There are 2 protein chains.
Amino acid sequence: MREVAILGIGQTPIGEHWELSLRHLAGEAVIAAMADAHVEPPQVEALYVGNMLSGPLNRQENIGAMIADWVGWRGIEASKIEAACGSGAAAFRSGLIAVASGACDLVAVVGVEKMTETVGPTTTSSLATAADADWETAQGLSFVAINALVMRRYLHEFGWKHNDFAPFSINAHANAAHNPNARLREPITQKEYARARMVADPINLLDASPIGDGAAAVILCSADRVRPNGQPAIAVAASASATDSIAVHDRDDPLYLAAAGQSAQKAYAQAGIGPQDLDLFELHDAFSIMAALSLEACGFAERGQGVRLGLEGEIGPRGKVPVATRGGLKARGHPVGATGVYQLVEVVQQLRGEAGETQVPDARIGMAQNIGGSGATVVTHILKRR
Amino acid sequence: MREVAILGIGQTPIGEHWELSLRHLAGEAVIAAMADAHVEPPQVEALYVGNMLSGPLNRQENIGAMIADWVGWRGIEASKIEAACGSGAAAFRSGLIAVASGACDLVAVVGVEKMTETVGPTTTSSLATAADADWETAQGLSFVAINALVMRRYLHEFGWKHNDFAPFSINAHANAAHNPNARLREPITQKEYARARMVADPINLLDASPIGDGAAAVILCSADRVRPNGQPAIAVAASASATDSIAVHDRDDPLYLAAAGQSAQKAYAQAGIGPQDLDLFELHDAFSIMAALSLEACGFAERGQGVRLGLEGEIGPRGKVPVATRGGLKARGHPVGATGVYQLVEVVQQLRGEAGETQVPDARIGMAQNIGGSGATVVTHILKRR
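Scope of this entry: the structure provided in the associated data block. The structure presented is a predicted model; accordingly, all values stated were derived computationally and were not measured.

### Topic: the relation of the copies chain A and chain B
Consideration 1: Note on the identical chains: chain A maps onto chain B by a rotation of 180° and an axial translation of 0.0 Å, with an RMSD of 0.0 Å. Between the two chains, the operation in question is that of a two-fold axis.
Consideration 2: When the interface residues of chain A are mapped onto chain B, 100% of them again fall at the interface, so both copies present the same face.

### Here we look at unusual backbone geometry
Consideration 1: For the peptide bond that leads from A:Asp201 to A:Pro202, omega is 10°, which places it in the cis range.
Consideration 2: The residue A:Pro202 is located in the loop between β5 (198–200) and β6 (203–204) in this model.
Consideration 3: For A:Arg59, which is not a glycine, the phi torsion comes out positive at approximately 50°.
Consideration 4: Mapped onto the elements, A:Arg59 comes out in the loop between α2 (54–58) and α3 (63–70).
Consideration 5: With a relative accessible area of 16%, A:Arg59 lands in the buried category.
Consideration 6: Unusually for a residue other than glycine, B:Asn62 sits at a positive phi of about 60°.
Consideration 7: Counting through the fold element by element, B:Asn62 comes out in the loop between α2 (54–58) and α3 (63–70).

### Overview of the pairing of strand β8 (residues 234–243) of chain B
Residue and element names in this part refer to chain B.
Consideration 1: Of all 10 residues making up β8, 10 are buried, and the element is well covered by its neighbours.
Consideration 2: Pairing between strand β1 (residues 4–11) and β8: 3 bridges, direction antiparallel. Its bridge partner being in β8, alanine 5 is matched across the sheet by alanine 235.

### Remarks on the interface of chain A and chain B
Consideration 1: Each partner contributes residues to the interface: chain A has 56 residues there, and chain B has 56 residues.
Consideration 2: Taking both partners together, chain A and chain B bury about 4,200 Å²; carbon and sulfur atoms supply 46% of that area.
Consideration 3: Contact with chain B buries surface across chain A, with A:Arg59, A:Asn62 and A:Glu82 losing the most and accounting together for 16% of the total.
Consideration 4: Where chain A meets chain B, there are 6 salt bridges.
Consideration 5: Between B:Asp134 and A:Arg23 there is a salt bridge, and its shortest N-O distance comes to 3.3 Å.

### Topic: the environment of B:Gln349
All names here are of chain B.
Consideration 1: Here glutamine 349 lies in helix α13 (residues 336–352).
Consideration 2: According to the relative accessible area criterion, glutamine 349 is buried, its value standing at 10%.
Consideration 3: Remark: the alpha-carbon pair of glutamine 349 and tyrosine 193, spanning 156 residues in sequence, is separated by 29 Å.
Consideration 4: Not counting chain neighbours up to four residues away, the residues in contact with glutamine 349 comprise Ile9, Gln11, Arg326, Glu354, Ala355 and Gln359.

### Structural notes on the pattern of salt bridges
All names here are of chain A.
Consideration 1: Overall, the coordinates contain 38 salt bridges over all chains when judged by the stated rule.
Consideration 2: Across the pair aspartate 105 and arginine 2 runs a salt bridge, and its minimum N-O distance is 2.7 Å. Taken together, the positions of aspartate 105 in the loop between α4 (87–100) and β4 (106–113) and arginine 2 in the segment before β1 (4–11) put the pair 103 residues apart, joining distant regions of the chain.
Consideration 3: Assessed through its relative accessible area of 43%, aspartate 105 is described here as partly exposed.
Consideration 4: Arginine 183 serves as the salt-bridge partner of glutamate 16, at 2.9 Å between the closest nitrogen and oxygen. Pair noted here: glutamate 16 is in the loop between β1 and α1 (22–37) and arginine 183 is in the loop between α7 (166–176) and α8 (190–195), with a separation of 167 residues, a long-range link.

### So, the pairing of strand β10 (residues 365–372) of chain B
Residue and element names in this part refer to chain B.
Consideration 1: Within β10, 8 of the 8 residues are buried, leaving the element largely enclosed by the surrounding structure.
Consideration 2: As paired elements, β10 and strand β11 (residues 377–384) share 8 bridges and run antiparallel to each other. Paired with glycine 372 across the strands is threonine 377, a residue of β11.
Consideration 3: Between β10 and β11, which follow one another and run antiparallel, lie 4 residues, and glycine 373 among them has a positive phi close to 70°.

What counts and how
Each chain has its residues counted from 1, following the order in which its sequence is written. By the order in which they are written, chains take letters starting at A while ligands take numbers starting at 1. In keeping with the model being predicted, local features are shown solely for residues with a pLDDT of at least 70 and side-chain atom pairs are shown and tallied solely at 80 or more, while totals for entire chains, interfaces and linings include all residues. Side-chain descriptors were evaluated using all non-hydrogen atoms of the structure, hydrogens and water having been removed beforehand. When the copies are superposed, the least-squares fit draws on C-alpha atoms of residues that have pLDDT of at least 70 in both. Residues are treated as being in contact if the distance between any of their heavy atoms lies within 4.5 Å. For the purposes of this entry, the term helix denotes a DSSP run of H or I that reaches at least four residues, the term strand denotes a run of E that reaches at least two, and both are numbered from the N terminus. Partly exposed residues are those whose accessible area sits between 20% and 50% of the maximum for their type, while under 20% is buried and over 50% is exposed, using a 1.4 Å probe and protein chains only. A pair of strands counts as paired when DSSP detects no fewer than two bridges linking them. Reported buried area values correspond to the accessible surface (1.4 Å probe) lost by two parts on association, with both partners' losses combined. Any carboxyl oxygen of Asp or Glu that lies within 4 Å of a side-chain nitrogen of Lys or Arg is treated as forming a salt bridge with it.

So, in structure tokens, the structure goes:
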């Protein structure tokens, strides 16, 4: 398989876009990515759409064809890839394999979700479809409730206090303040974190990421291609996907994200690096507990010690392990099926040196990890500047 | 890219499987395909699931991970691919590219749908998500109503009578009578066709395919592999996907399935053959009008003349263009996201000479075409015996 690179990136702000339909959102991101790549529409051969909830929330499936037509690509191959909140990176991986295999030379990947203005069932009940319908949600568990059980167990097992998770949310909000596309751009304090309204004990409002409407897109090409401005395209150094049981109670260890560990290990092996070589890590902080567990699963901290990196001030843009550098799920926002592509777009920004006030100094290698459900599907990518 | 072959096939009967959940259905098909391939579980590296409606109907997403775990493959890569009723073949194509690229050596593809016992919105309104939510279903059109408008236009434009479509349904039911997995196994007569209850004028009950619960699966490998019984695996000679506008009224010609034509032409070019070289064609006869339009788009008949092949007796297993040889969508049944995989499984049965009473004599090359929506996403595969 040949090496693949990201030629262009695009994104919409994340918010309540009641004036924009699903196709408008996706179209904006794709067109921005095309402009960034200086690519003309007829050159793109296939479109891979990451999306979780268009069926229940927007009553629209078949969105691959719909979006392809909307952006002026009627006729090209298109499909939607779904892996719950991991859909974005799963779609990216499909696009990557299409180019790596030689089946296509130029493809687009867009992650899109429209969640704040919907028809049909509630967003909360639809998000719960990421969990086990027969054995988790049938018992009345919402998705945040499942994460609350995991966080409660973590506090119990390792003796941390709720406040010890504050640095994850404070860092995310501080970074998002400088990201014009972020949904929550207000910095928060330790005091605000401690006093935030409870959602599902021990997860409070500032542990939880906000949903939103948004889309992010990339144009993928073979790695020998050079960007129109003379800069090399950002190479995809590794891509790996792994799964775990969909229900948390089916796992040997509910506090270990086995699929995150497995996909990260595969990615490290592909890239020939270890966690210590990464300049940044866009992790899947849907809830603050997931940030800690992701750091542990990916080799940045021992079991039960993920929170320590935050407490020691190592997760900011100038820390040892910069995370959520553009706001993360927590503050940039979490339009679920789009999130994985936002993460990749943000790593590209960092590796290009276009991350502004939250630029990681001389970032050369970055990782993005997108998680579907409470750890059931995990897709990890490592990007590098050449 | 290397050549890919189908090592094993499996399927469940299509019916009202109220005792089986989505994972049970998928598991049965996958395990049957594994047994047919004589493959041990640890060898399979990835699972691609074709499914359209698990979100709205079963309130379950993330089914890639769920099914992988259920069949004993916890940890492997898995995702769901959605392209409305074309999801099955789209998932097959993802699996194909994974093997063709060398990313994987052995993958499983399963199409699964559970439609007769559901939670949430009705099946009819969920099926309508294959059409344009903003411009078709918002006007009150159901999916059958859209096809009825197309059929009415066809009758008007070319002067055929409703009865001229009867051979499609009669052939499908006659063939399904010999398929133990078919949902409707009763032969029908011309008189019964003419008198069937109207669904959406001019589409009556015997023009329309029945939905159902079911799953079909294949195991894909590189083409140099030989089946355990010494027979060569059935090779995938071509794979192509194309799209059209999602709304019928956006097309230059509402009576031409442009994406079907485009994907078939790409497939013919890949396989180095033309329609005259095919021994059978498993077409997407969700409605009898779609059978006629598919034959026309794929080069078997001139515009407006697709029905003639039926009237001339050329669509049976011993005709010039055998279609729906195991019952087609019309009588085998149409568990939407699974259908594309059923079609491929049935072509394999024909090419292996395992199609029993409806065996096409000495079948060597067969095509399967899976359509998502009213022609918006079309995926075509050509298989050949070596």
